[in-house]
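Chain and residue survey
One letter stands for each residue in the lines below.
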Amino acid sequence: MGYQEKFRLDGERAVVTGGGRAIGLCCVEALAEAGAAVVVIERDEADARGAFALRDKGYDIDLRIGDVTDSARMEAIATDLADGGRAATILVNNAGIGQSGVPSQDVSDADWLRMMDVNVNGVFWCSRAFGRHMITRKRGAVVNLGSMSGIICNRPQPQTPYNVSKAAVHHLTRSMAAEWAEHGVRVNAVAPTYIETPMVMAVVANRQRIPTWLADTPMGRMGTPEEVASAVLFLASDAASLMTGAIVNVDAGFTCW
Ligand code: NDP
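Everything in this summary refers to the structure shown in the same document. These numbers were taken from a predicted model, which means no experiment stands behind them. (Residues numbered from 1 in each chain as written. Predicted model: local features only at pLDDT ≥ 70, side-chain atom pairs only at ≥ 80, totals over all residues. Heavy atoms only, no water.)

Quick notes on the packing of helix 3 (residues 71-83) against helix 4 (residues 109-137)
Viewed as axis vectors pointing N to C, helix 3 and helix 4 meet at an angle of 25°, and their least axial separation amounts to 8 Å. In terms of their interaxial angle, helix 3 and helix 4 are classed as roughly parallel. In the packing of helix 3 onto helix 4, the handedness of the crossing is right-handed. Between helix 3 and helix 4, the residues in contact are Ser71, Met74, Glu75, Ile77, Ala78, Thr79, Leu81 and Ala82 and Trp125, Cys126, Arg128, Ala129, Phe130, Arg132, His133 and Arg137, respectively. Taken together, the residues of the contact of helix 3 with helix 4 sort by class into 9 nonpolar, 3 polar and 4 charged. (Axes fitted to C-alpha atoms, helices over the stretch in contact; angles between N-to-C directions. Helix = DSSP H or I, 4+ residues; strand = E, 2+ residues; numbered from the N terminus. Parallel < 35°, antiparallel > 145°, perpendicular 65-115°, else oblique. Left-handed = near helix turned anticlockwise from the far one by under 90°. Contact = heavy atoms within 4.5 Å. Nonpolar A, V, L, I, M, F, W, Y, C, P; charged D, E, K, R; others polar.)

The structure is reproduced here in structure tokens:
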């Protein structure tokens with residue numbers, strides 16, 4: 001197989017959670033452009049509008065409504081796809097939430113639990129549900145959205161719950177990778193720096209923090225969702241056939257300092 005061909009995903013079926021906007025939407029486009037049929041999981045139809053617009057480019061985009069914190073629903077979607085002969089061969093665990101600026105001593109039980117529910121439980125429920133069908137078929141690739149926040153502690157804003165949730169995603173990645181290697185299923189993660197998405201830019205306080213972030217970044221800039229999607233595409237494809245359990249920094253050098 002030629003090198004270019006290894007990036008092709010013809011005949012693959014990818015599931016992207018939270019694929020309706022920002023990083024998730026770019027992952028949908030990257031995977032679809034490489035030839036995959038893509039199923040987006042979003043909480044409601046309006047959220048998926050961006051992904052549906054990609055159908056105009058001739059891409060095979062489907063939608064399943066669901067919340068990643070709903071384990072039973074994730075199981076039902078995975079089984080339904082498999083029963084229809086369309087089991088997922090690629091899973092991108094992108095859905096996630098962020099919260100920053102609250103010192104640990106002031107974090108409420110509810111906020112802590114919500115963060116873990118979406119960012120950690122959601123990744124586990126989806127990996128287990130879709131991974132089971134990959135194991136049956138002896139092939140698959142899972143790509144998780146980790147974060148540099150799972151490696152370093154951001155400044156100036158405190159954000160312990162988010163940081164802990166992403167560190168958990170990284171170790172979930174390694175743990176499942178080690179278990180599932182013998183079943184032909186690869187599990188990797190990307191660890192992005194600050195990316196210009198609503199999660200980051202919609203927080204007014206973040207605007208004052210940007211100069212500090214850029215001063216902490218060797219490349220002196222934030223990233224784009226497309227730059228994250230390129231790394232996700234690589235990890236999802238045969239071009240990364242020897243990679244599993246990797247946490248790939250997509251961080252403009254942030255974690256070098
Ligand atoms: P956005 O908030 O822009 O988009 C997140 C998407 O996930 C939305 O479509 C959202 O839908 C969906 N979603 C959220 N919660 C759930 C849920 N419980 N069930 C199903 N879908 C859900 O986020 P980003 O694109 O910025 O981030 C995507 C991922 O990348 C996250 O995991 C994030 O932690 C990670 N990341 C982001 C960075 C950044 O700087 N932006 C940096 C490092 C990592 P809805 O409209 O319903 O909320």
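So, the packing of aromatic side chains
Considering all chains together, one arrives at 4 aromatic pairs under this definition. Here phenylalanine 124 and tryptophan 125 contribute two aromatic rings whose centre-to-centre distance is 5.9 Å and whose plane-to-plane angle is 65°, an arrangement assigned as edge-to-face. What makes tryptophan 125 partly exposed here is its relative accessible area of 22%. With a centroid separation of 3.6 Å and an interplanar angle of 5°, the aromatic rings of tyrosine 194 and tryptophan 213 are classed as stacked. Taken together, the residues span a long stretch of sequence, with tyrosine 194 in the loop between strand 6 (185-192) and helix 6 (198-201) and tryptophan 213 in helix 7 (residues 204-215) at a distance of 19 residues. Accessibility assignment for this pair places tyrosine 194 and tryptophan 213 in one class, buried. Following the ring pairs from residue to residue traces out a cluster consisting of Tyr194, Trp213 and Phe254. (Phe/Tyr/Trp six-rings, centres within 6.5 Å; stacked < 30°, edge-to-face > 60°. Buried < 20%, exposed > 50% of the residue type's maximum accessible area, 1.4 Å probe, protein only.)

Quick word on the site of the ligand
Inspection of the region around the ligand gives 27 residues, with Glu42, Arg43, Tyr162, Ile195 and Thr197 positioned closest. Between the ligand and isoleucine 195, the relevant distance is 2.7 Å, taken from an oxygen atom to a main-chain nitrogen or oxygen of the residue. A total of 900 Å² of accessible area belongs to the ligand in isolation, and the protein chains cover 94% of it. Contributing elements (two or more residues each) for the shell around the ligand: helix 1 (22-33), helix 5 (160-180) and helix 6. Looking at the shell around the ligand element by element, the count peaks at 3 residues for helix 6. Classifying every residue of the shell around the ligand by side-chain character gives 13 nonpolar, 8 polar and 6 charged. (Near = heavy atom within 4 Å. Polar contact = N/O pair within 3.5 Å; in protein donor to acceptor, adjacent residues only side chain to side chain. Areas by Shrake-Rupley, 256 points an atom, 1.4 Å probe, with all protein chains shown as cover.)

Description of a nonpolar patch on the surface
A cluster of nonpolar side chains, Trp112, Leu113 and Val164, forms an exposed patch at the surface whose accessible area comes to about 270 Å². The topology assignment puts valine 164 in helix 5. (Patch = residues over 30% accessible without salt bridge, like charges linked within 9 Å, V, L, I, M, F, W, Y side chains within 5 Å. Salt bridge = Lys/Arg side-chain N within 4 Å of Asp/Glu carboxyl O.)

Focus on unusual backbone geometry
Along the chain, arginine 155 connects to proline 156 via a cis peptide bond; the corresponding omega equals 10°. Positionally, proline 156 belongs in the loop between strand 5 (140-145) and helix 5. Despite not being glycine, lysine 138 has its phi angle at roughly 65°, a positive value. Tracing the backbone through its elements, the reader meets lysine 138 in the loop between helix 4 and strand 5. The residue alanine 252 is not glycine, and still its phi comes out positive at about 55°.

Looking at the environment of alanine 36
The topology assignment puts alanine 36 in the loop between helix 1 and strand 2 (37-42). On a C-alpha basis, the gap between alanine 36 and glutamate 12 in space is 4.9 Å, while along the polypeptide they are 24 residues apart. Ignoring any residue separated from it by four or fewer positions in sequence, one finds alanine 36 in contact with Leu9, Glu12, Ala14, Leu31 and Asp60.

Focus on the side chain of aspartate 62
Looking at the secondary structure, you find aspartate 62 in strand 3 (residues 61-65). Residue classification places aspartate 62 among the buried residues on the basis of a relative accessible area of 18%. Within polar-contact distance, the side chain of aspartate 62 engages the side chain of arginine 64 at 3.0 Å. Excluding residues that lie within four positions of it along the chain, aspartate 62 makes contacts with Val38, Val39, Val40, Arg55 and Arg86.

Describing the side chain of histidine 170
Note that histidine 170 resides in helix 5. The class of histidine 170 is buried, set by a relative accessible area of 2%. Leaving out residues up to four positions away in the same chain, histidine 170 has contacts with Gly146, Ser147, Gly150, Ile151, Ala191 and Ile247.

Describing the pattern of salt bridges
On inspection of all chains with the given rule, the structure shows 11 salt bridges. Arginine 139 is paired through a salt bridge with glutamate 12; the nearest N and O atoms lie 2.6 Å apart. Placement of arginine 139 in the loop between helix 4 and strand 5 and of glutamate 12 in the segment before strand 1 (13-17) is noted, with a sequence separation of 127 residues between them. On the basis of relative accessible area, arginine 139 is assigned to the partly exposed category, the value being 40%.

Geometry only, nothing functional implied.
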